[in-house]
Amino acid sequence: MKLKRLFILSAVLCFAFMGAKAEEVQGTTSTAQDSTIYEFNPHWYIQAAFGYQYTIGEVDAATLSSPNAQLGFGYNFTPVWGLRFNINAWQSRDGYLPSANLSEAAKAAYLAANGNKELLDWKWYYVAPALDVTMDLTNLIGGYKPKRICNVGIFLGIGANIFFKNDEAVAANQVLTNAFGPSADGNERLIYLWEGCKASVLGQAGATVDFRVTEHFRLGLELQGNILSDKYNSKQAFNPDWYINALVTARYNFGALYNEKKVKKEKCEPEIVEKIVEKPVEKIIEKTDTVFVKDPLKVEIFFAISSDRVSTSEYLKIKQIVNYLKSHPEAKCMITGYADKATGSATVNQRISEKRAAVVKNELIKKHGIAADRIITKAMGDTEQPYDDAILNRVAICVVE
């Protein structure tokens, strides 16, 4: 069980490391004049794993532990979601110990039948293919940052467990029958004893911790729980059978994992704002009256992939909007949220564009005291792409006039 403790400790250390490094390694890094944006590329990977399995039962953990191996192929569609096909295999174990309330005569008969040993154990072999849906929790919560050292994820899947070579259970059942005789209903002592090759539907779920070694290579830990039919271990327990796998993983990612692009920053200096708002233009309205209004102000608040968090550099642009609105009490602000069509589904993109517009609105209202009736928001999702570059469409466009 040392591997299990190591897994839990690594997960705790990883979350602590993520907190310490949250500002150091960003999906969007900035300089005084421009920023670097990382655009995720969907990609394939191969993963190999080795560790131990613990088949849940009534005897000690050492008896129920056995080696375990896994080979998987996966595809990450987005920084958060992916699919993985894996084949887990090797062996499972179980055993029998006489209960404390067994009579002395029955216990003596059992010891005689089992070669004077209390523990009667057996093993069998299996192959378990499964398909998992994977979720990267670190990217979901903290945004996509390809150079992050540690990522934590979860998965949920379904498959089949094909089990075979149950000769040791057959021999164990014979020991029990010799000691206690056949059961009252004529069945064998191991009620669900099976021979040959059998199969059971498999459900599995678990958690992963991955550590970045190089651009394409990652090492990690995986803990998974698997649930099967009650007949898996040959014993009748009136509940599903379980086993837990604790694995050390090695993964190689294929292809270009992301695109790195530079985005020029806009300088937001107060004197520049004054030059913009002081330039009058003539506008003819109904009744041929002539009035003078200021130029509308257009500000673009850019976001990282799958994120609605306003970065420090983009926050300066919000200050520009605030200055304009406070200088012109009659002006109103239209905020339109967008998402790039190259990432995510239409539903996801609609939701993220709504959040981007809302977060800018909340900044203006809650932090800067702008009246809510002066701000209008709408969200276009990926139905409109204002820019040719996909990265630039992760934006909230603010027009003040």
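A. Seen up close, the packing of helix 3 (residues 104-113) against helix 5 (residues 167-180). The interhelical angle for the contact between helix 3 and helix 5, taken along N-to-C directions, is 140°, at an axis separation of 8 Å. In terms of their interaxial angle, helix 3 and helix 5 are classed as oblique. Handedness of the helix 3/helix 5 crossing: right-handed. Counted together, Ala106, Ala109, Tyr110 and Ala113 of helix 3 and Val175, Leu176, Asn178, Ala179 and Phe180 of helix 5 form the full contact between these two elements. Here the contact of helix 3 with helix 5 is built from residues that sort into 8 nonpolar, 1 polar and no charged.

B. Main features of helix 3. For helix 3, every residue scored as buried is listed here: Ala106, Tyr110 and Leu111. In an axial view of helix 3, the angular spread of the buried residues amounts to 135°, which keeps them on one side of the axis. Exposed and oriented more than 90 degrees from the buried face of helix 3 are Glu104, Ala105 and Ala112. Packing partners of the buried residues in helix 3 comprise strand 5 (81-96), strand 6 (120-136) and helix 5. Residue Gly115 follows helix 3 closely and has a positive phi angle near 70°.

C. Representation of unusual backbone geometry. Positive phi, close to 150°, is recorded for Trp90, a residue that is not glycine. Tracing the sequence through the fold places Trp90 in strand 5. What makes Trp90 partly exposed here is its relative accessible area of 35%. Phi at Phe238 is positive, roughly 60°, even though this residue is not glycine. Note that Phe238 resides in the loop between strand 9 (217-228) and strand 10 (241-253).

D. Here's a closer look at the nonpolar core. In terms of nonpolar packing, the biggest core is built from 21 residues, with Ile301, Ile321, Cys333, Ile335, Leu364 and Val400 touching the most fellow members. Those elements that place two or more of their residues in this core are strand 14 (297-302), helix 7 (312-327), strand 15 (333-337), helix 8 (346-367) and strand 17 (395-400). Among the elements that make up this core, the one with the highest residue count is helix 7 (5 residues). If we ignore the near neighbours within four places in the chain, the residues touching Val400 are Pro296, Leu297, Ile321, Tyr324, Leu325, Ala331, Lys332 and Cys333. Counting residues in each nonpolar core, the second largest holds 20 residues, with Ala128, Ala130, Leu176 and Leu228 among its members.

Reading the values: the criteria
- Residues numbered from 1 in each chain as written.
- Predicted model: local features only at pLDDT ≥ 70, side-chain atom pairs only at ≥ 80, totals over all residues.
- Heavy atoms only, no water.
- Axes fitted to C-alpha atoms, helices over the stretch in contact; angles between N-to-C directions.
- Helix = DSSP H or I, 4+ residues; strand = E, 2+ residues; numbered from the N terminus.
- Parallel < 35°, antiparallel > 145°, perpendicular 65-115°, else oblique.
- Left-handed = near helix turned anticlockwise from the far one by under 90°.
- Contact = heavy atoms within 4.5 Å.
- Nonpolar A, V, L, I, M, F, W, Y, C, P; charged D, E, K, R; others polar.
- Buried < 20%, exposed > 50% of the residue type's maximum accessible area, 1.4 Å probe, protein only.
- Arc of directions from axis to C-beta.
- Core = buried A, V, L, I, M, F, W, Y, C linked by side-chain atoms within 4.5 Å.

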